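Listed here are the chains, written in short residue letters.
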Amino acid sequence: MVLPWPRERLGSCGLFLALPVCLFSSMLRQVLHGGLRTSFSKLGHFVANHPVFFASAPVLVSILLGASFSRYRVEENVEYLLAPKHSLAKIEGNLVDSLFPVNRSKHTLYSDLQTPGRYGRVIITSSGRGNMLDQHHIDLILKLHSLVTKIQVHMLGINYTFAHMCILDDNKSCIVDDILQVLEELKGARLANRTGFAIRYPITYLRDGREVYIGHQLGGVQPPGKERVKFAEAVQLTYYLQAVNSLNDVVAAKWEAKFCETVEGFQEENSELRVFPFTSSSLQRDFQKTSKVSERPLLTSLSLCVSLAVLFCSMRDCVRTKPWLGLLAVVTMSLATLTSAGIVNLTGGKYNSTFLGIPFIVLGHGLYGTFEMLSSWRRTREDQHVKERVAAVFGDCVLPLTASTAMYMVTFGIGASPFTNIEAVRIFCRNTCISVFFNYLYILTFYGSNLVFTGYLENNYQHNIFCKKVPRPELLQQKPMWYRFLMYTQYNEEGAEATDMNAYESHLLVSFMKRYYCDWITNTYVKPFVVLFYLVYISFALMGYLQVSEGSDLSNVVATETSTIAYTTAQQKYFSNYSPVIGFYIYESIEYWNASVQEDVLEYTKGFVRISWFESYLSFLRKLNMTTGLPKRNFTELLRNAFLKLPQFYHFSDDIIFGKRSGGEVDVVASRMFLVAKTTENKREEMYILLDTLRKLSLTSKVKFIIFNPSFVYMDRYASSVGAPLKNSCISALFLLFFSAFLVADSLINVWVTLVVASVEFGVIGFMTLWKVELDCISVLCLIYGVNYTIDSCAPLISTFVLGRDFTRTKWVKITLERHGVSMLQSYLCYTVSLLPLAGVPSNLTRTLFRCLFLTAFITFFHCLAILPIMLTFLPPSKKKRKEKKSAESREEIECVEMVDSTRVVDQITTV
């Protein structure tokens, strides 16, 4: 059969020579589109023929796989999840470990949140604004230190104390913070009435002449200069533990727990102090705590979603109401989530708190699909057989559902690929792909089979809740009022009459959309206000887009009311003046004795607070009235046998590696220095700039050096690592939309979908920034989901409008909203209400999740039900009302459709 080609569409093909290509392309699209719809119709017919099997099989599979929760495990390595896998900082860290394996033990300069190894740390402040350097507070600090060192951990019949597990120096003594010795000397000086002892900041001197850095151990210092410190608001103490084997690690973990209990108990006894304990396991514990504090809100979300789904599927008509389908829609998504969780457990996967977002992604994917199927069911003829109605529903809805599912698989599949550099994002995307795939299968099987069951109830005029046969109107009038109220329905005596096809219009949302909203949104006086509102939306989105910031702070993914947040807040308040200590490692032999090399090294470290053997040694030579440009042998011999032998400089021995040359000559093979930068409250942003600057300098400098701090593994390449999955997913989505433009019925569908997705994503990024949400792994995952959610919602609207013929644009906008607006409204309300309990969860992770998902749903809803209908009324494609002229010479095609019902055969003659 030759398909008609509208005359007004010929101009879109360009030159006349391109007309055969356009005709062939259009015919190919229509044949492919029709073939897919026919295939899905047959699938619906097959499901309708075997409803019991397709209803029971998904439940059985979910139960079997759900039993695998006995293998449930939690991922405890936060660095593995959130730090970029492939970064220069990790390579530098391995090099540093090979050169200076004692860098975490013999020096206690690593005072940052991500210090590796086992440790306990506490910040001590006054509940008022007391001076932590007065005698009373010094006594309390030393008392707390004594209690910590006496903590006992009983294991295998042995009571382990800090002395058993501490890291030892060369004198076999436990390494403790230098501030403790400073406080003890200050206390001794006051008891002896000595006034000569003074504390300087950030570098001070002990009585033995040793130079020590206390910038991360003394906070809120006044005055902040290098003169004598008179006032300090906070003191930080760190206790490093050994964890060389599994037994030692278990003991150290128990000691950390006892440490927190001891510190908190000490605060209860001394209310004038405020203490903020933190350990190496606090971050992991507080990261997983989000899952525990989210249990009740998640149950609340499920309950609210079920309640609204049941409500939106209900009607006054007891036969056409479908409350069970609302409930079973949520059950379908729950079964899909349970199945995917079982697969993760069986394949050795580990759970982490980012998985909290997967149920909401499955919910967003499934709600619109199930409500679309229900909306399509309302448009089928009631006098058709149930199998034919289900086949029609599948032919109408499964094709767009399949396309959107394929988009989910592509976008999240790219995020799950090895190209993703952050493990938490990769694992999340992989499990999301599994969940969405099973959600798609269960909608077709489990939900489709239950649609068959409710269809039989409707065809037999049985109550859709109690399954009781509804009496005919003449018999119902003889019943009591309460019985008539429960059994109210509209009987179709003639079956196929046009007036009887509007029985579903008594549904509240259907009536609202058809009688009020469609006329209002297409009103000429409303359009300017909607366009103006869109311009305001773009303006605010642009303002937020220009302020996007990276969120590499790990406190963004932990529960709020935890020790991690309290400690991080206190550290930012009292210890933000200086950056983390940066190790400056010279990893090859250089001419330290050469004056020009000395100038280069000093120039590289200029502007930093330095803890350096090199500068101390040069000062040592100047005090001896010697030139620093000594011959190589003299320079090295004085360094080894004079400088490093003095007690005040002996600790620098760990910073220098000597090696013997072939002639027996000793040379400095490698060395390290410690640098601290002066910072402000934006310490993390300044560290990004500093890291990038020093990296570039290391590539061009004459002296070959690297820089390292344990926190660099979280900062290095974080922006590119976090943004890469979103960029790759968007590129893949655009590629898929471009490629499918040759397969869909009209390429304008994909053009409009692309424009809407771009507008929605732009708005979500801008408004989430204005809502104080940073670009981290959680927000990026939500943005990837936003691409798919927008396509889910807008594609059916655009497709129906673009493919429509014979009416004006405004008329087709109304038709489109009548067909898809109700299902969109239902899914949006259910989805947003289910998100609301997340707003009350005391966790930064769920806060980010709620804000991003809520913005995605709201902005998409705004585009689909306001912006898009307005834009389509005056932008392409054009709609020209073709007038049909009756003529004797015109050809009439008569199509006979035989509709087989269980009780009768209806012959309908349609003239086309």
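Residues numbered from 1 in each chain as written. Predicted model: local features only at pLDDT ≥ 70, side-chain atom pairs only at ≥ 80, totals over all residues. Heavy atoms only, no water.

Colleague: Teacher, can you tell me more about the overall build of the chain here?
Modeller: Of regular secondary structure, the chain possesses 29 helices and 15 strands. A buried classification covers 54% of the 912 residues belonging to the chain. The contacts in the chain between residues at least 6 apart in sequence include a share of 76% that link residues at least 24 apart. When the accessible surface of the chain is totalled, it reaches about 41400 Å², and 60% of it is carbon and sulfur. (Helix = DSSP H or I, 4+ residues; strand = E, 2+ residues; numbered from the N terminus. Buried < 20%, exposed > 50% of the residue type's maximum accessible area, 1.4 Å probe, protein only. Contact = heavy atoms within 4.5 Å. Areas by Shrake-Rupley, 256 points an atom, 1.4 Å probe, with all protein chains shown as cover.)

Colleague: Honestly, the nonpolar core in this entry has me stumped. Any pointers?
Modeller: Considering soluble globular proteins, one finds that nonpolar side chains tend to be buried as a cluster. In this structure, Phe-412, Trp-613, Ile-798, Leu-817 and Tyr-831 are the most contacted members of the largest nonpolar core, which totals 190 residues. Of the residues forming this core, the biggest block, 18 residues, is contributed by helix 29 (residues 844-872). The residues touching Trp-613, leaving out its near neighbours within four places in the chain, are Tyr-592, Leu-639, Phe-643, Phe-652, Asp-655, Ile-656, Ser-671, Arg-672 and Met-673. Within the second largest apolar cluster, 54 residues are counted, among which are Leu-180, Leu-206, Val-235 and Val-581. (Core = buried A, V, L, I, M, F, W, Y, C linked by side-chain atoms within 4.5 Å.)

Colleague: What exactly am I supposed to notice about the state of the cysteines here?
Modeller: What makes a disulfide is a covalent bond joining the sulfur atoms belonging to two cysteines. For the coordinates displayed, the defined rule picks out 1 disulfide. Linked covalently through their sulfurs, Cys-166 and Cys-174 form a disulfide whose S-S length is 1.9 Å. On the sign convention where negative is left-handed, the bridge of Cys-166 and Cys-174, at about -65° about the S-S bond, is left-handed. Taking the relative accessible area as the measure of exposure, Cys-174 reaches 27% and is therefore partly exposed. Among the cysteines around Cys-313, which has no disulfide bond, Cys-830 carries the closest sulfur, lying 7.6 Å off. The class for Cys-313 is buried, based on a relative accessible area of 2%. Unpaired in this structure, Cys-864 has its nearest cysteine sulfur neighbour in Cys-794, at a distance of 5.3 Å. (Disulfide = S-S within 2.5 Å.)

Colleague: Would you mind going over the pairing of strand 1 (residues 118-126) with me for this structure?
Modeller: Moving residue by residue along a regular strand, the side chains alternate between the two faces of the sheet. Here strand 1 lies mainly inside the structure; 9 of its 9 residues are buried. Of the two faces of strand 1, both are covered, the one formed by Arg-118, Gly-120, Val-122, Ile-124 and Ser-126 as well as the one formed by Tyr-119, Arg-121, Ile-123 and Thr-125.

Colleague: Explain the side chain of Arg-118 here, please?
Modeller: You can see Arg-118 is positioned in strand 1. Of the polar contacts made by the side chain of Arg-118, one reaches the side chain of Glu-256; its length is 3.1 Å. Excluding anything up to four places from it in sequence, Arg-118 contacts Tyr-239, Tyr-240, Leu-241, Ala-243, Asp-249, Ala-252, Ala-253, Glu-256, Ser-280 and Ser-281. (Polar contact = N/O pair within 3.5 Å; in protein donor to acceptor, adjacent residues only side chain to side chain.)

Colleague: Just checking my understanding: could you explain the environment of Ala-252 for this structure?
Modeller: Along the chain, the position of Ala-252 falls in helix 8 (residues 246-269). A C-alpha to C-alpha distance of 9.5 Å links Ala-252 and Cys-166, two positions 86 residues apart in sequence. Look past the residues within four positions of Ala-252 in its chain and what remains in contact with it is Arg-118, Met-165, Leu-241 and Gln-242.

Colleague: Would you explain the pairing of strand 11 (residues 656-660) in this entry?
Modeller: Bridge analysis of strand 11 against strand 12 (residues 666-676) gives 5 bridges, and the strand direction is antiparallel. Considered in strand 12, the bridge of Phe-658 is made with Val-668. Linking strand 11 back to strand 12 in an antiparallel pair, the connection comprises 5 residues, with Gly-664 at a positive phi of about 85°. (Pairing = 2+ DSSP bridges.)

Colleague: How do you make sense of a positive patch on the surface when you look at a structure like this?
Modeller: A cluster of like positive charges, contributed by Arg-190, Arg-200, Arg-228 and Lys-230, occupies part of the molecular surface. Examined against the element boundaries, Arg-200 turns out to sit in the loop between helix 7 (178-191) and strand 4 (203-205). Assessed through its relative accessible area of 37%, Arg-200 is described here as partly exposed. (Patch = residues over 30% accessible without salt bridge, like charges linked within 9 Å, V, L, I, M, F, W, Y side chains within 5 Å. Salt bridge = Lys/Arg side-chain N within 4 Å of Asp/Glu carboxyl O. Lys, Arg positive; Asp, Glu negative; His and termini not counted. Charge placed at Lys NZ, Arg CZ, Asp CG, Glu CD.)

Colleague: Would you explain unusual backbone geometry in this entry?
Modeller: A negative phi holds for most residues other than glycine; trans holds for most peptide bonds. A cis amide bond links Tyr-201 to the next residue, Pro-202, at an omega of 5°. Locating Pro-202 in the fold gives a position in the loop between helix 7 and strand 4. Of note in the backbone geometry, Leu-156 takes a positive phi value of approximately 55° without being a glycine. Structurally, Leu-156 is set in the loop between strand 2 (153-155) and strand 3 (158-160). Residue Leu-156 is classed as exposed on the basis of its relative accessible area, which comes to 67%.

Colleague: It is not clear to me how the packing of aromatic side chains should be interpreted in this structure. Could you clarify?
Modeller: The description of an aromatic ring pair uses the distance of the two centres, along with the angle that the planes make with each other. In total, this model carries 47 aromatic pairs according to the counting rule given. Every member of this aromatic cluster is reached through a ring pair, and the members are Tyr-617, Phe-620, Phe-635, Phe-643, Phe-649 and Phe-652. Directly above the aromatic system of Trp-377 lies the positively charged group of Arg-389, at a separation of 4.0 Å from the ring centroid. Directly above the ring of Tyr-483 sits Lys-479, whose terminal nitrogen or CZ lies 5.7 Å from the centroid. (Phe/Tyr/Trp six-rings, centres within 6.5 Å; stacked < 30°, edge-to-face > 60°. Lys NZ or Arg CZ within 6 Å of the ring centre and 35° of its normal.)

Colleague: In this structure, what is going on with a negative patch on the surface? I would like to understand it.
Modeller: There is a patch of like negative charges on the surface, built from Glu-261, Glu-264, Glu-268 and Glu-269. Structurally, Glu-268 can be placed in helix 8. A relative accessible area of 69% means that Glu-268 is categorised as exposed.

Colleague: So what exactly am I meant to see when it comes to the pattern of salt bridges here?
Modeller: Think of it this way: side chains of opposite charge can pair up when their charged atoms draw near. On inspection of all chains with the given rule, the structure shows 20 salt bridges. Here Glu-382 and Arg-320 are joined by a salt bridge, their closest N and O atoms 2.7 Å apart. With a gap of 62 residues between them, Glu-382 in the loop between helix 12 (358-379) and helix 13 (386-415) and Arg-320 in the loop between helix 10 (295-312) and helix 11 (323-346) connect regions that are remote in the sequence. Assessed through its relative accessible area of 14%, Glu-382 is described here as buried. Through salt bridges with shared partners, a single ionic network connects Lys-85, Glu-423 and Arg-426.

Honestly, that's just the spatial picture; any functional story needs more than this.
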